[in-house]
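Understanding the architecture of this molecule
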Amino acid sequence: MNWKTEMQLMDIPETQRLEVTCTVCGHSRYENAYQLAKHFGMSFEYLDEVERMLSCGNHVCNGPVRLALSTEEETE
């Protein structure tokens, strides 16, 4: 088990963004966790399930994606 199988989308703060990166072409985009939960009805989905539901934003690729929590804090 990892953090994606233990955390539901509704557990993430409304302002948190998720980095969605394609595992095939590397295309990357950001999704707002609140918007995914509210508009796409994924509130009770675990993050590994959300990861499987989403696909690449590049219309030519449409490959599987990897989710990561995005932070705007500075790292050292």
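Residues numbered from 1 in each chain as written. Predicted model: local features only at pLDDT ≥ 70, side-chain atom pairs only at ≥ 80, totals over all residues. Heavy atoms only, no water.

**Overview of the sheet that holds strand E1 (residues 17-22)**
Spelled out, the test is: Strands are labelled as partners when DSSP assigns at least two bridges between them. Secondary structure counts use DSSP, requiring at least four H or I residues in a row for a helix and at least two E residues in a row for a strand, with both numbered from the N terminus. Note on geometry: axes are lines fitted to C-alpha atoms, helical ones only across the stretch in contact, with angles between N-to-C directions running from 0 to 180 degrees.
Reading across from one edge, E2-E1-E3 is the order of the three strands in this open sheet, with antiparallel pairing throughout. Looking along the sheet, the strands with just one partner apiece sit at the ends: strand E2 (28-32) and strand E3 (65-70). With direction set aside, neighbouring strand axes in the sheet form an average angle of 30°. The pairing of E1 with E2 spans five bridges and is classified as antiparallel. Bridge assignment links Arg17 to a residue of E2, and that residue is Asn32.

**Section: the pattern of salt bridges**
To be explicit about the condition: Only one rule defines a salt bridge in this text: a Lys or Arg side-chain nitrogen within 4 Å of an Asp or Glu carboxyl oxygen. Burial here depends on accessible area, computed with a 1.4 Å probe over protein chains only, as a share of the maximum for the residue type. Under 20% is buried, over 50% is exposed, and the range in between is partly exposed.
All chains considered together, the criterion is met by three salt bridges. The salt bridge partner of Glu51 is Lys4, with a shortest N-O separation of 2.6 Å. Residue Glu51 is found in helix H3 (residues 47-53), and its partner Lys4 is found in helix H1 (residues 3-6); the two are separated by 47 residues along the sequence. Judged by its relative accessible area of 17%, Glu51 is buried.

**Focus: the environment of Val24**
Going by this rule: Contacts: residue pairs with any heavy atoms within 4.5 Å of one another.
Looking at the element boundaries, Val24 is found in the loop between E1 and E2. A sequence separation of 40 residues divides Val24 from Pro64, and the C-alpha atoms of the two residues are 7.1 Å apart. Among all residues touching Val24, those that are not within four sequence positions of it are Cys61, Gly63 and Pro64.

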